[in-house]
Amino acid sequence: MSGEVAVVVSRHGVDRLRKGHVWVYRSDVRAPSELRGGEVVRLEDERGHFLGRAFYGKTSQISVRLLTREEEPVDEEFFARRLSGAKALRDATWPDPERRRAARVVHGESDLLPGLIVDRYADVLSVQTLIEATEARREMFASLLEAQWSPRAIVERNDAKVRAHEGLPLRKGMLRGSPPGPVEFLEGEVRLVADPLEGQKTGAFLDQAENRIEAGRYAHGRALDCFTYGGAFALQLARRAERVLAVDISEDAAALGREAARRTGAGNVEFLVANAFDYLKDQVDEGEQFDTIVLDPPAFAKTRGSADAALRGYKEINLRAFQLLSPGGVLVTASCSFHVGEALFEETVLSAAADAQRTVQLVEKRGAARDHPALLGVPETRYLKCLILRAL
Ligand code: SAH
């Protein structure tokens with residue numbers, strides 16, 4: 001391709017790409033100063049050999065994000081093919097001809113569409129363009145997605161803080177159609193509600209969808225769902241448990257949860273607005289017991305530096321949960337902090353069990369739902385851990 005700008009990748013960077021990663025950091029690239037950020041560039045090694053094509057970022061520490069290792073043009077058709085490829089996985093794993101469900105239909109790097117996230121809530125799409133290059137192609141992606149999914153509306157949730165690292169403004173609004181309001185969708189047998197424009201993230205936490213349905217299988221007796229947000233775990237538990245208490249610190253979350261409970265017809269769920277740390281401690285002090293507990297906190301470790309504090313947080317809530325569980329009680333415990341890896345998370349949960357003097361069975365070890373695939377070679381795409389445990 002004539003006029004194409006080449007970015008040179010150091011040997012260290014080439015090695016990273018060869019091992020399967022798709023990011024190369026600023027210290028490993030030499031880029032011509034004419035680049036403004038957001039372009040598609042040609043990647044070459046120090047001897048001028050073609051490595052692939054990538055999105056170039058001027059502000060981010062991640063300078064290039066690989067799009068293809070092939071000698072192929074990166075044009076609108078290229079992106080249309082990538083979007084169809086992403087859709088094919090969702091059609092296979094979660095076929096939904098009536099479009100009543102929710103799914104992540106584009107998972108950024110994992111779908112070889114770096115910096116692009118698209119969640120579908122029934123007939124509404126919620127989009128994040130998280131880097132300069134996807135930001136610059138926002139309109140093109142909106143048109144391609146419109147043609148692919150025929151949604152009633154496309155919301156832009158570019159109020160994600162990570163955009164600041166890219167020098168991009170925080171913003172939310174409509175790309176197509178008018179504000180959709182709360183959207184109802186099915187998760188398993190449960191009716192949930194998401195507000196794609198006003199809710200947290202893109203409206204809901206879809207990575208836990210399969211874990212929630214699975215958790216419902218083990219629910220019994222008195223159940224407690226901590227960090228419930230819109231009650232998505234709580235409502236799955238409610239199908240088998242006698243009674244469910246759902247706790248979140250946010251009043252808006254509780255309101256969303258109450259609305260979902262009403263729509264799905266669950267009369268046995270109570271939403272409480274409280275700090276889960278305090279609530280768990282109070283329940284232990286009062287000698288309460290639960291038969292089913294879910295812990296799905298926000299990412300306690302946002303950076304590598306905060307991993308220690310995060311571990312203390314995980315330790316505390318898991319310890320309380322083990323203290324509260326009745327014999328045979330089930331704990332579903334999750335961590336979405338990438339900086340707390342699988343092994344470290346399991347160690348922390350084990351040490352909480354030991355401190356509570358509980359013997360615990362590992363029933364299931366789970367990750368993100370299948371519509372959030374990871375990319376082998378890119379550990380950052382594997383962040384969600386979810387353990388289903390049974391305290392004897
Ligand atoms: N379990 C939810 C997602 C949870 S996201 C689901 O499956 O959809 C994390 C939630 O924790 C957010 O709703 C946030 O409001 C809440 N939260 C954050 N800190 C909290 C605290 N200290 N106590 C209770 N809730 C908290």
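Residues numbered from 1 in each chain as written. Predicted model: local features only at pLDDT ≥ 70, side-chain atom pairs only at ≥ 80, totals over all residues. Heavy atoms only, no water.

## Structural notes on the sheet that holds strand β1 (residues 6–9)
At step 1: Ordered by their spatial adjacency, six strands build an open sheet running β2-β6-β5-β4-β1-β3, and the pairing between neighbours is mixed. With one partner strand each, in any of the chains shown, β2 (23–25) and β3 (29–30) form the two edges of the open sheet.
At step 2: Sheet topology places β2 next to strand β6 (residues 62–68); three bridges connect them, and they run antiparallel. Bridged to Tyr25 within β6 is Ile62.
At step 3: Strands in contact with helix α1 (residues 11–18) are β1, β2, β4 (40–44), β5 (50–56) and β6; relative to β2, the strand with the most contacts, it is inclined by about 160°.
At step 4: Packed on one face of the sheet, helix α2 (residues 76–93) meets β5 and β6 and runs near 80° to β6. (Pairing = 2+ DSSP bridges. Helix = DSSP H or I, 4+ residues; strand = E, 2+ residues; numbered from the N terminus. Contact = heavy atoms within 4.5 Å. Axes fitted to C-alpha atoms, helices over the stretch in contact; angles between N-to-C directions.)

## Side note on the domain arrangement of the protein
At step 1: If you check the domain split of the protein, you get domain 1 (6–68), domain 2 (76–184) and domain 3 (207–391).
At step 2: With six residues of domain 1 at the interface, the matching set in domain 3 holds six residues.
At step 3: When domain 1 packs against domain 3, the two sides together hide about 360 Å² of surface, and 63% of this comes from carbon and sulfur.
At step 4: Viewed at the interface, domain 3 and domain 1 are joined by zero salt bridges.
At step 5: Put simply, domain 1 and domain 3 have one residue pair in polar contact (both at pLDDT 80 or more) between them.
At step 6: Its residues assigned to classes, the side of domain 1 that touches domain 3 comprises three nonpolar, two polar and one charged. (Domains from an automatic or database assignment. Buried area = accessible area lost by both parts, 1.4 Å probe. Salt bridge = Lys/Arg side-chain N within 4 Å of Asp/Glu carboxyl O. Polar contact = N/O pair within 3.5 Å; in protein donor to acceptor, adjacent residues only side chain to side chain. Nonpolar A, V, L, I, M, F, W, Y, C, P; charged D, E, K, R; others polar.)

## Quick notes on the site of the ligand
At step 1: Around the ligand, a shell composed of 17 residues is seen, among which Arg212, Phe227, Asp248, Ala276 and Asp296 lie nearest.
At step 2: Within the side chain of Asp248, an N or O atom sits 2.7 Å from an oxygen atom of the ligand.
At step 3: At 3.1 Å from a nitrogen atom of the ligand is found a side-chain nitrogen or oxygen belonging to Asn275.
At step 4: Relative to its free-state accessible area of 580 Å², the ligand is covered by the protein chains to the extent of 90%.
At step 5: Mapped by element, the contributors of at least two residues to the shell around the ligand are α6 (232–237) and α8 (276–285).
At step 6: Among the residues making up the shell around the ligand, the classes are represented as ten nonpolar, four polar and three charged. (Near = heavy atom within 4 Å. Areas by Shrake-Rupley, 256 points an atom, 1.4 Å probe, with all protein chains shown as cover.)

## Details of the packing of α2 against helix α4 (residues 138–149)
At step 1: One way to put it is that α2 packs onto α4 with a least axis distance of 10 Å and a crossing angle of 45°. Between α2 and α4, the interaxial angle falls into the category oblique. At the point where α2 passes α4, the crossing takes the right-handed sense. Contacts from Glu76, Phe79, Ala80, Leu83, Ser84 and Lys87 in α2 reach Met140, Phe141, Leu144, Leu145, Gln148 and Trp149 in α4. (Parallel < 35°, antiparallel > 145°, perpendicular 65-115°, else oblique. Left-handed = near helix turned anticlockwise from the far one by under 90°.)

## Considerations on the packing of aromatic side chains
At step 1: Counting across every chain of the model gives ten aromatic pairs.
At step 2: Summarising the aromatic geometry, the rings of Phe78 and Phe79 are spaced 5.2 Å apart at their centres and angled 90° between planes, so their arrangement reads as edge-to-face.
At step 3: When the ring centre of Trp149 is taken as origin, the NZ or CZ atom of Lys87, which lies over that ring, is 5.0 Å away.
At step 4: Sitting over the ring of Trp94, Arg101 keeps its end group 5.2 Å from the ring centre. (Phe/Tyr/Trp six-rings, centres within 6.5 Å; stacked < 30°, edge-to-face > 60°. Lys NZ or Arg CZ within 6 Å of the ring centre and 35° of its normal.)

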